[in-house]
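Breakdown of the fold
One-letter residues, chain by chain:
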Amino acid sequence: MHISKLSIVNYRNFKNAQFHFQKGINTIIGENGAGKTNIFRALRLLLDDSSYQYAYKLGHDDFNRSIDDWKGHWIIISIEFSDIPDDEAVQALFVHSLGNLEDEDKVNKASYTLFFRPKADIRYRLSELEEGDQEGLQEILDEINPNNLNDKYETWFTGKSTANFNDPEAYKELVGDFDNVKFEYDIDSSKFGIKVPHQLSISKEISFTFIKALRDVVSDFHNNRTNPLLSLLKEQSVEIKEDDYEPISQMVNELNKGIEELPDVQEIRQNIRKTIKDAVGETYSPASLSIQSNLSDEANKLLQALRLYISEPGETHEGAIHELSLGGANLIFLALKLLEYQYKSKEKVANFLVIEEPEAHIHTHIQKTLFDKLEYGETQIIYSTHSTHISEVNKISHINILSKKINCSEVYQPSIGLKPEDIAKLERYLDAVRSNLLFAKGVILVEGDAEEILIPIIVKEVLGVSLDELGLSLINIRSTGFINIAQIFDEKRLQRKCSIITDLDSQICDTTINESDTKKTEKYKEKIENSSIVGLRRKKVLDEYCKANDWIKPFYATHTFEVDFIACGNASTAQEILSEVYTKPSKLRDSKNELASKDVSIYGKRILAMANKKGKGWLAVLIGGRVNYHTIIPEYILKAIIFAKGEFSVDLICNIIGYRLKKHENSDPYLDFSDVYLKLSNFLNNNCELGELNKEINTVVEDKQLNVLLDLL
């Protein structure tokens, strides 16, 4: 049995979200503040005995902030279970409470739902309103006091629901139509479920272990309530036979007696008694006085005195937990919680292990190894992570990705609707580097090392912001097989912009074979022509694939990245590295002249020859060392960045402009940008158009790169 679906409506980060889970290990990925912790809170409200009480303490702060007015609305958290075991006792449990009969006498799926809703009197009065009576609706809602919500709201658990709670129409039918003021009091239990009696708690029938984010585990070890070692010892102490423990109890009692009879203890006892007697006299002195040792002879009290002592790998000294590195302490804490889970999971209907961000302070190799091996038979594991090393070892079909929006978060499943063979290709591609695209706000796919190395450098030096600051991941496919990865980005799967940057490989020279051509020239022309044919074919395939998908767009270098880099005005940058490519003076002179040529057949051939001699990656490294704010970003790359970013905020545009103005001022201190800064301030406050600002900049300095960027924006 496993959780196959989790639906959350109006709870905390989630206005309307549906998570899909598989058997085995499942991963939740999301940026800070996207709601990973709140997913686990939602699960725990339904399944964790220790959190069950909090289900009855929900408040107005638990409603999603995107709701205009939360009053009258419901919080809905619903879990769907699949693959219910055939065991007769298990079937009986679900048939009578949660399960939906698919065969005549067998439950395969079951639902368990929490409603946080207005109490019956509120719901009844809402149902009595005339359709469209907005004043009457507001009058009832105004009675709901957020400071005393328990007077007006209740928590209700149901089973056997068949409705899709994420369907807005189903929500209207259940909760009501606030726009048109249409509410029903009676609920269709065949759709929305029957009440689960208080005496029946699904959490009693399953094993649910939650391991919180590993942030300060040393303090947890010092707290008897949160110490995982003590939890294990208490669990085990239940099985200690009384006869086995009797000798220990006798030893403790004898130890107490021995401490009490120590001469120093007796002397102090007598001195206390004498001092009291001297002070108040015999009449008012206590009849007796003793000093007793209170070492407990109870098993659970003695267990609290036990502590772990551990040595780090390669060391012989055993130290206390606080002496370990953060990573070592976290690893021990995690191991103890996993063991605690194993103790709790005996003879249960199902076992669930939920782990929040386990990667803190743990070495990347341990992360990968641990979660590659982390599997316990029929247990379903759900964990959240920021680590590409952990997400790398999980299957793409077992991943839910959170995307933070204004006042809410959305959830995506990147494999929904893909064929098994396509999913297999994705999983082969997504190593620790490429799986970074799952965490990004936007993605740029490139085909080679030169783009991977040089684009981030150019963007940082020219625009003053990094790709990371823009929320973009640049992924090197190391081929032109973009579709294998790009298929993730889709309305049904991962709704993030993806730019594909590739070469069109258009001919840089006339490829007609002449009688006077040497074999070397013929071979060169054939290579150029074949590349252009392949480039056109690639463009046709990509354009066709992307035309119906607003989330993907290809951008083409007319020739190649290296050639177009020179073509847009960066010949001088390439000239600066010639001495690191060639040594002969004549070669250096000729190459410098060729790079300065306006003929693509000349400068194109030279830069490609340099790339062939040094390797495209190493040439990019050399050029990257010479890049500065004067460098021009090829326009097709700028367009790709803008598409993947999606939206450039006013603040971001101002930061880029401010960066370039400072660079110009540093280069020429006589430039006067005072009027430009005034316009920039007006633009920041929405009192000036971008075109007007750009025009003002051009009155002081000609910045072609900035002109192109602002025109595109």
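Up top is the structure these notes are about.
As a starting point, this report considers the structure included with it. Remember, predicted model here, so these are calculated numbers, not experimental data. (Residues numbered from 1 in each chain as written. Predicted model: local features only at pLDDT ≥ 70, side-chain atom pairs only at ≥ 80, totals over all residues. Heavy atoms only, no water.)

Overview of the overall build of the protein
A tally of helices and strands in the protein yields 29 helices and 19 strands. Expressed as a percentage of the 713 residues in the protein, the buried residues total 48%. Counted over contacts in the protein with a minimum sequence separation of 6, partners at least 24 positions apart contribute 75%. Here the protein displays about 36100 Å² of accessible surface, and carbon together with sulfur accounts for 48% of that area. (Helix = DSSP H or I, 4+ residues; strand = E, 2+ residues; numbered from the N terminus. Buried < 20%, exposed > 50% of the residue type's maximum accessible area, 1.4 Å probe, protein only. Contact = heavy atoms within 4.5 Å. Areas by Shrake-Rupley, 256 points an atom, 1.4 Å probe, with all protein chains shown as cover.)

Quick look at the pairing of strand E14 (residues 399-405)
The element E14 is largely enclosed, with a buried count of 5 among its 7 residues. As paired strands, strand E3 (residues 25-29) and E14 are joined by 3 bridges and run parallel to one another. Across the sheet, Ile-28 pairs through a bridge with Asn-400, a residue of E14. Note that E14 and strand E15 (residues 408-412) share 5 bridges and pair antiparallel. Bridge assignment links Lys-405 to a residue of E15, and that residue is Cys-408. In this structure, the hairpin formed by E14 and E15 is closed by a connection of 2 residues, where Asn-407 is found at a positive phi of approximately 65°. (Pairing = 2+ DSSP bridges.)

Re the sheet that holds strand E18 (residues 497-503)
Taken in spatial order, the 4 strands make up an open sheet running E17-E16-E18-E19, and their pairing is parallel. Of all the strands in the sheet, just strand E17 (472-476) and strand E19 (552-557) have a single pairing partner and so form its edges. If you compare each strand with its neighbour and ignore which way they point, the axes differ by 20° on average. Bridge analysis of E18 against E19 gives 6 bridges, and the strand direction is parallel. Its bridge partner being in E19, Asp-503 is matched across the sheet by Ala-557. On top of the sheet, helix H25 (residues 635-645) reaches strand E16 (442-446), E17, E18 and E19; it is set at about 165° to E18, its chief contact. (Axes fitted to C-alpha atoms, helices over the stretch in contact; angles between N-to-C directions.)

Digging into the pattern of salt bridges
In total, this model carries 29 salt bridges according to the counting rule given. Among the salt bridges present, the one from Glu-357 reaches Lys-36, with a minimum N-O distance of 3.8 Å. With Glu-357 in the loop between strand E12 (351-356) and helix H14 (364-373) and Lys-36 in helix H1 (residues 36-47), the pair connects residues that are 321 residues apart, well separated along the chain. Under the relative-accessibility criterion, Glu-357 is labelled buried at 10%. Between Asp-590 and Arg-589 there is a salt bridge whose closest N-O contact spans 4.0 Å. Looking at Asp-590, the relative accessible area reads 36%, which means it is partly exposed. Within this structure, Lys-5, Glu-80 and Lys-109 form a network of salt bridges that share partners. (Salt bridge = Lys/Arg side-chain N within 4 Å of Asp/Glu carboxyl O.)

Without other data, these values stay purely geometric and don't point to any function.
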